[in-house]
Amino acid sequence: MRLLVLLWSLGPLLWQLRTSLLRPEALLAPLLEGNPWTLANYRLVLSGDPPFWRYLGNSTLVALATTVLTLLLAVPCAYGLQQQRGLLRWGVGLGLVAAAMVPTVLLFLALLEIARRFDLANDLFALSLPYAGLSLPLAVLLLRAAFGDLPAELEDAARLEGLGLGQRLRHVLLPLMGPALASTGILVFLASWNEYAIALTWISRNDLLTLPIAIARIGGGSVFTIPYGAFAAATVMGSLPLLLLVLLAQRPIVSGLTRGAVKG
Amino acid sequence: MKARTASLLLMAPALLLLAAVFLYPLLLYGWLSFQASSVLTGLEPVPNGGANWGRLLDDARFWTDAFQTLRFAVCSVALELVGGLGLALLLHRPLRGRGTLRALTLLPWALPTTVMALGWRWILNDPHGPLNAAIRFLGGSSYGFLSTPATTWFFVVLADVWKTLPFVGLLLLAGLQTIPEDLEEALRLEGAGRLQILRRLTLPLLVPYLALAVLFRLAQALGVFDLIQVLSGGGPAGSTESLALYAYLNAMRFLDFGYAATVMLATFLLLLVLVGGSWWLWRRGDLQGRREGAA
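Residues numbered from 1 in each chain as written. Chains lettered and ligands numbered in written order. Predicted model: local features only at pLDDT ≥ 70, side-chain atom pairs only at ≥ 80, totals over all residues.

On to the overall build of chain A, then. Looking only at helices and strands, one finds 14 helices and zero strands in chain A. Helices and strands in chain A line up, N terminus first, as α-α-α-α-α-α-α-α-α-α-α-α-α-α. Contacts spanning at least 24 positions in sequence make up 78% of the contacts within chain A whose residues lie at least 6 apart. (Helix = DSSP H or I, 4+ residues; strand = E, 2+ residues; numbered from the N terminus. Contact = placed C-beta atoms within 7 Å.)

See below:
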């Protein structure tokens, strides 16, 4: 049973790995004599113009910038929302849940309009603006739940000690929210690393493409003209950082996902 | 400054960005859907009354895509629920290496959609892909999986299920973990079998999680875009085209922004009706159940 599950979820990925290590002739004729294994596909992809690691770097840069920006905006917002009572709290909460459900692609035309008006296209840091906006609903909901879990007496005591809001956040509340901040940050990072529709329309310069777009572009031509081995090498390299992230940060990811579900 | 006002100020930056990303598009589409803004008008908006909406009502391609999107969403969400429940039940049992297993099953969900969509395209490639190689090995002949509407559709659904099943599974696993074990134990002592426990105890208590998975996944599946764009391009002959892809093509290929905005707004409305409707049905059923329980 376990094996079946693993085969189902890893099978297609392992096949990509195998494809990426085969020589082109071996791809077309499965029963080639001699040694069909090679690293040439990886060399080809890494020596492209721009080299493949550039896309990895672009995606990582956007994802990091987005994560920082999202947390900077979401922490005060979640704290403020937790202080609110009545209609505003209910309304904003409902709006956030609704926004978290909206498929990103439906927003792209309007966001492209914003990019045109403010000249934000082809700028990786500017791309993190809409990404942060897209990530905010989930981030605020997760962090508000985390603020709600802290005992109210804690902040009252800090207030009596004469600590201002900034000090209370920095020295009392946030240190206790480590796990929630971590899982929120990782989920935001993953979502912006993988985003497609906005990056597709905001970025046109070849050396600024994020990984999902670069991959889709490689595969955009006819299947017969694509060096599939090189292409598989690209997907393997694009998957490795995420594989590492998921293996290392499995616990915060799962707790973030499930808490988001329960509280949302 | 009162605490209430101060907390509003804290929320202001985030709310502003949220408004720009989520509210502005709705307003813009609402306005743009009553403008002609295409190559014919030099890409400048010119009011054209309700012409876009009239065109939408008569646009066979829009309604075909609406039907195809709905069919895709319903089928893949249903499969994800069944498979996700199975995965959750499996992962809920104490197993050696459960953490690693959980992480590895999560991997398809964590990868960019385009990466896995292209992976599937290679698997289905005619004639070089591994699936066709296997068929030939077994004595058959190569099959154009991505040039036949039925098989293309099937594999689009399969690829979506492959990617999002772990997400649904983990969500349901969280639900399973809230069920007290002594309840299960009590039923077992009464002589209930595993299927009976599932039906009488587990499923009823899991309903909020199932509903949540349905609502969230339904909304996402109705907006399916990158998977279809990369795996099938909407083809063959538009047979897997989704509403979001149609809207995208209207904007970026036909450069008809007025009509693209109309299609997007219509998709939003469809989403609102379907997801809001499911939510309303669930709430009503939930309240009724509680009232009956109290009576």
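Next, the rest of the story.
Take the overall build of chain B next. Looking only at helices and strands, chain B features 12 helices and two strands. The order of α-helices and β-strands along chain B, N terminus first, is α-β-β-α-α-α-α-α-α-α-α-α-α-α. Seen through its principal axes, chain B has C-alpha atoms that stretch 75 × 75 × 40 Å. Of the contacts made within chain B by residues no fewer than 6 positions apart, 66% connect residues no fewer than 24 positions apart.

Where helix α7 (residues 124-149) of chain A meets helix α1 (residues 3-32) of chain B, the axes come as close as 9 Å, and the angle between the chain directions of the two elements is 115°. Two packed elements cross with a definite hand, and for α7(A) against α1(B) that hand is left-handed. Residues P130(A), A132(A), G133(A), L134(A), L136(A) and V140(A) of α7(A) lie in contact with α1(B), whose contacting residues are A14(B), L17(B), L18(B), A20(B) and V21(B). Taken together, the residues of the contact of α7(A) with α1(B) break down into 10 nonpolar, one polar and no charged. (Axes fitted to C-alpha atoms, helices over the stretch in contact; angles between N-to-C directions. Left-handed = near helix turned anticlockwise from the far one by under 90°. Nonpolar A, V, L, I, M, F, W, Y, C, P; charged D, E, K, R; others polar.)

With that settled, consider the interface of chain A and chain B. Counting residues at the interface gives 68 residues for chain A, matched by 69 residues for chain B. Considered class by class, the residues forming the side of chain A that touches chain B number 52 nonpolar, 14 polar and two charged.

Here we take up the packing of helix α1 (residues 2-20) of chain A against helix α13 (residues 228-248) of chain A. Residues and elements named next belong to chain A. Where α1 contacts α13, the axes come no closer than 7 Å and their chain directions differ by 130°. Taken as axis vectors, α1 and α13 run oblique relative to one another. For the crossing formed where α1 meets α13, the hand is left-handed. Counted together, L13, Q16, L17, T19 and S20 of α1 and Y228, G229, A232, A233, T235, V236 and S239 of α13 form the full contact between these two elements. Of the residues that constitute the contact of α1 with α13, the class distribution is six nonpolar, six polar and no charged. (Parallel < 35°, antiparallel > 145°, perpendicular 65-115°, else oblique.)

Glancing now at the confidence of the model for chain B. Residue and element names in this part refer to chain B. When pLDDT is averaged along chain B, the result is 87; 97% of the residues meet or exceed 70. Across chain B, element-level confidence peaks in helix α11 (residues 243-252) with a mean pLDDT of 93 and bottoms out in helix α6 (residues 130-137) with 81. Here the predicted complex carries an ipTM of 0.86, next to a pTM of 0.88. (pLDDT = per-residue confidence, 0-100.)

What follows covers the confidence of the model for chain A. For chain A, mean pLDDT is 83; residues scoring 70 or higher make up 90% of the total. The element-level mean pLDDT for chain A is lowest in helix α2 (residues 24-28) of chain A, coming to 65, with helix α4 (residues 52-83) of chain A highest at 92.

On to unusual backbone geometry. Residue and element names in this part refer to chain B. Despite not being glycine, L43 has its phi angle at roughly 65°, a positive value. Among the structural elements, L43 can be located in the loop between β1 (35-36) and β2 (46-47). Here the phi dihedral of A237 falls at roughly 55°; this positive angle occurs in a residue that is not glycine.

Formed by 156 residues in total, the largest nonpolar core has its most connected members in A74(A), C77(A), V140(A), L143(A), A14(B), L171(B) and M264(B). Setting aside chain neighbours within four positions, we find A14(B) in contact with L73(A), A74(A), C77(A), L136(A) and V140(A). (Core = buried A, V, L, I, M, F, W, Y, C linked by C-beta atoms within 7 Å. Buried ≥ 20, exposed ≤ 12 C-beta atoms within 10 Å, placed from the backbone.)

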